[in-house]
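Chain residues, written in single-letter form:
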Amino acid sequence: MWRSAAAVRALRGGGAGAPRAASGAAAAQLRQRLENELEDIRGAGTWKSERVIASRQGPHLRLAGGGGGIINFCANNYLGLSSHPEVIRAAVEALEKFGAGLSSVRFICGTQSIHKDLEEKIARFHQREDAILYASCFDANAGIFEALLTPEDAVLSDELNHASIIDGIRLCKANKYRYKHMDMQDLEAKLQEAQKHRLRLVATDGAFSMDGDIAPLREICQLAQKYDALVFIDECHATGFLGPNGRGTDELLGVMDKVTIINSTLGKALGGAAGGYTTGPKPLIDLLRQRSRPYLFSNSLPPAVVGCASKALDLLMESNAIAQSMAAKTQRFRSKMTAAGFTISGKDHPICPVMLGDARLASVMAEDMLNRGIYVIGFSYPVVPKGKARIRVQISAVHSDEDIDRCVDAFTEVGRKHGAL
Ligand code: PLP
């Protein structure tokens, strides 16, 4: 839990709420080890500090202890639905009607009609047979591979897949192959090697969050067909806005009928509250309800969270105007930044990494952007490869053209000051 320095001093001073330090040699040894490790992280320059926000999530923020007027370019709030009035109203209504939470896992006493309705809506949105909810997409990824694959099977994973896919694959007993990032020759070689196994599953992020690049799903699906494999995609950075109707990468690339399994999140474009899901063939979803450990052994999604996601999906199924507005703003940012002389990684995706190379440059430029009221984050090794430091900018449908232009102007000013242009 975050505490202000004053609160920590007050706690150290004693009193009823003062923290109790465990005594004994083992506790002292552990404390020393932890402090050394923390010092190493600080020394390596990879310490992640958290800014405290004192307002709702949105294009304009107020930071705790600071003024307002910060333009926010680092949330996954792609469609601006996190603080949409109808989404909030739906959450309040669900809270009032269905309570704060279920105090139960789904299969004991934790399934309400709204959970079933949302699962049905997700399946309809993706044009799949069924869907299953999780507390997060991290959980959906942690649960699927172990439930589906055995030592007779194989999983082939892009080397830059999200940490939760990597962890989910670690938990399963299938034979593991890692192919080079979006490298179809390497995937084909690995698929040939994996012919000896009963079943092959190719697993990839639909859109990769650090580079804003999109998996070559058409080619992946062709290879999958050639080598009799299934395709799994993680659509956390695609659901709701990629493709003509925002269905995701599979819609964008015309392979909705070729991708077998989709995992995605409710915690980004779809209202931003929390939650994740798997959608795909009904027997798979039925099996996950029986076998998937994060589903079986974790509390049901709170009604307010279900209400948010359900309303977000309604809004998206009514019209694709929000997604189109985000695409237009993404285009505005990308073209103006490129004209200013910056290199923006990826193509047509609202994740717009401004490539800088040097870690320190990314960090000081991000700090200087905040001094100018633009909230962006610098990423460096080990989050991205060495020498590929960048500032990641994320565009939202609720940014105004003026917000975008202010961001480009600030980048230009700060880039010139620090020699990046
Ligand atoms: N997969 C990808 C590609 C992500 O970017 C994230 C979130 O950062 C997750 C999975 C986890 O999603 P959630 O926040 O719902 O656990």
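Residues numbered from 1 in each chain as written. Predicted model: local features only at pLDDT ≥ 70, side-chain atom pairs only at ≥ 80, totals over all residues. Heavy atoms only, no water.

**Re the domain arrangement of the protein**
Often, the extent of an interface is quoted as the loss of accessible area upon association of its parts. Inclusion rule: Segmentation into domains, and thus their bounds, comes from an automatic or database assignment. Summed over both partners, the accessible area lost on bringing two parts together, with a 1.4 Å probe, is the buried area. We count a salt bridge whenever a side-chain nitrogen from Lys or Arg sits within 4 Å of a carboxyl oxygen from Asp or Glu.
Segmentation of the protein into domains returns domain 1 (58–77 + 320–416) and domain 2 (83–316). Placing a centre on the C-alpha atoms of domain 1 and another on those of domain 2 gives a separation of 27 Å. Roughly 1400 Å² is buried in total at the junction of domain 1 and domain 2, and carbon and sulfur atoms are behind 57% of that figure. Of all residues in domain 1, the largest losses of buried area upon contact with domain 2 belong to Asn 76, Asn 320 and His 349, amounting jointly to 34% of the total for that side. Linking domain 1 with domain 2 are 1 salt bridge, by the criterion used here.

**A closer look at the packing of helix α14 (residues 321–340) against helix α16 (residues 401–417)**
Rules: Angles shown run from 0 to 180 degrees and are taken between the N-to-C directions of axes, each axis being a line fitted to C-alpha atoms and, for helices, limited to the stretch in contact. The helix and strand labels rest on DSSP assignments: H or I over at least four residues marks a helix, E over at least two residues marks a strand, and numbering proceeds from the N terminus. Here roughly perpendicular refers to angles of 65 to 115 degrees, roughly parallel to angles under 35, roughly antiparallel to angles over 145, and oblique to all remaining angles. Should the near helix be turned anticlockwise from the far one by less than a right angle, the crossing is left-handed, and should it be turned clockwise, the crossing is right-handed. We call two residues in contact when some of their heavy atoms are within 4.5 Å. Three classes are used: nonpolar for Ala, Val, Leu, Ile, Met, Phe, Trp, Tyr, Cys and Pro, charged for Asp, Glu, Lys and Arg, and polar for all others, with Gly counted as polar.
Between α14 and α16, the least distance of the axes is 10 Å, while the angle of their chain directions is 20 degrees. On the basis of the axis angle, α14 is roughly parallel to α16. Where α14 crosses over α16, the two elements pack in a sense that is right-handed. Residues Lys 329, Arg 332, Phe 333, Lys 336, Met 337 and Ala 340 of α14 touch α16, and the partners they reach there are Asp 401, Ile 404, Asp 405, Cys 407, Val 408, Phe 411 and Thr 412. When its residues are assigned to classes, the contact of α14 with α16 shows 7 nonpolar, 1 polar and 5 charged.

**A closer look at the layout of surface pockets**
Under the convention used in this document: Within this scheme a cavity is a closed region of a 1 Å grid, computed over the protein atoms alone, that accommodates a 1.4 Å probe without allowing it to escape, whereas a pocket is open but has protein on both sides within 12 Å along at least five of seven lines; lining residues each have an atom within 4 Å of a point. Grid points are joined across faces, edges and corners, and a volume is the space filled by probe spheres set on the points.
When its volume is computed, the largest pocket comes out at roughly 1300 Å³. Going through the elements one at a time, α15 (359–371), β12 (377–379) and β13 (389–394) are the ones with two or more residues in the lining of the largest pocket. Considering each element in turn, the lining of the largest pocket owes the most residues, 7 residues, to α15. Taken together, the residues of the lining of the largest pocket break down into 16 nonpolar, 10 polar and 6 charged. Taken as a whole, the second largest pocket spans an internal volume of roughly 550 Å³. Together, 31 residues line the second largest pocket, and Asn 161, His 162, Ala 163, Asp 205 and Ser 209 are the ones closest to its centre. Counting only elements with at least two residues in the lining of the second largest pocket, the list comes to α6 (137–148), α7 (163–171) and β13. Its residues assigned to classes, the lining of the second largest pocket comprises 14 nonpolar, 10 polar and 7 charged. Mapping the lining of the second largest pocket onto the domain boundaries places at least three of its residues in each of domain 1 (58–77 + 320–416) and domain 2 (83–316).

**Notes on the packing of helix α8 (residues 184–193) against helix α9 (residues 217–226)**
Packing of α8 against α9 brings their axes to within 11 Å, and their N-to-C directions diverge by 20 degrees. For the element pair α8 / α9, the angle class is roughly parallel. Where α8 crosses over α9, the two elements pack in a sense that is right-handed. Together, Met 184, Leu 187, Glu 188 and Leu 191 of α8 and Glu 219, Ile 220, Leu 223 and Lys 226 of α9 make up the contact between the two elements. Taken together, the residues that form the contact of α8 with α9 break down as 5 nonpolar, no polar and 3 charged.

**A few points about the site of the ligand**
Convention followed: Residues are counted as near a molecule or strand when any one of their heavy atoms sits within 4 Å of it. Pairing of N or O atoms within 3.5 Å defines a polar contact, subject to two protein rules: one partner must be a possible hydrogen donor and the other a possible acceptor, and residues neighboring in sequence count only if both atoms are side-chain atoms. Computed by Shrake-Rupley with a 1.4 Å probe, the accessible areas treat only the displayed protein chains as cover when residues are assessed. More than half of a molecule's atoms lying within 2 Å of a cavity's or pocket's grid points is what places that molecule inside it.
Surveying the vicinity of the ligand reveals 13 residues, the closest of which are Cys 137, Asp 234, His 237, Thr 265 and Lys 268. Between His 237 and the ligand, the recorded distance is 2.7 Å, taken from a side-chain N or O atom to an oxygen atom. Here an oxygen atom of the ligand and a side-chain polar atom of Thr 265 are 2.7 Å apart. Taking 390 Å² as the accessible area of the ligand by itself, protein coverage stands at 81%. Under a 2 Å grid-point criterion requiring more than half of the atoms, the pocket assigned to the ligand is the second largest pocket. With 3 residues, α6 is the single largest residue contributor to the shell around the ligand. Residues that form the shell around the ligand fall into these classes: 3 nonpolar, 7 polar and 3 charged.

**What to know about the pattern of salt bridges**
Keep this limit in mind: Think of it in three bands: residues with accessible area under 20% of the maximum for their type are buried, residues over 50% are exposed, and the middle band is partly exposed, with areas taken using a 1.4 Å probe on protein chains only.
Throughout the structure, instances matching the rule amount to 26 salt bridges. Residue Asp 250 is joined to Arg 128 by a salt bridge in which the shortest nitrogen-to-oxygen separation is 3.1 Å. Residue Asp 250 is located in helix α10 (residues 249–252), and its partner Arg 128 is located in the loop between α5 (113–126) and β3 (130–134); the two are separated by 122 residues in the primary sequence. Each member of the pair, Asp 250 together with Arg 128, is buried.

**Some words on the UniProt feature "domain: Aminotransferase class I/classII large" (unreviewed entry) in the protein**
For clarity, the threshold we go by: UniProt positions are given in the numbering used here, feature names are shortened, and annotations may be inferred rather than shown by experiment.
UniProt tags residues 70–411 as "domain: Aminotransferase class I/classII large" (unreviewed entry). The straight-line gap between the two end C-alpha atoms of residues 70–411 is 15 Å; of that span, 44% is helix and 17% is strand.

**Some thoughts on the environment of Ala 90**
Examined against the element boundaries, Ala 90 turns out to sit in helix α3 (residues 85–98). For Ala 90, a relative accessible area of 14% gives the class buried. Sequence separation between Ala 90 and Ala 312 is 222 residues; the distance between their C-alpha atoms is 9.3 Å. Beyond its immediate stretch of four places on either side in the chain, Ala 90 contacts Gly 307 and Lys 311.

**Quick look at unusual backbone geometry**
Excluding glycine, residues mostly carry a negative phi; peptide bonds, for their part, are mostly trans. In the segment running from Tyr 381 into Pro 382, the intervening peptide bond is cis, with an omega of 10 degrees. Its place among the elements puts Pro 382 in the loop between β12 and β13. Of note, the phi angle at Ser 103 is positive, near 50 degrees, even though the residue is not glycine. Relative to the helices and strands, Ser 103 is located in the loop between α3 and α4 (106–109). What makes Ser 103 exposed here is its relative accessible area of 74%. Notably, Gln 127 is not glycine yet its phi reads approximately 60 degrees, a positive angle. Relative to the elements of secondary structure, Gln 127 occurs in the loop between α5 and β3.

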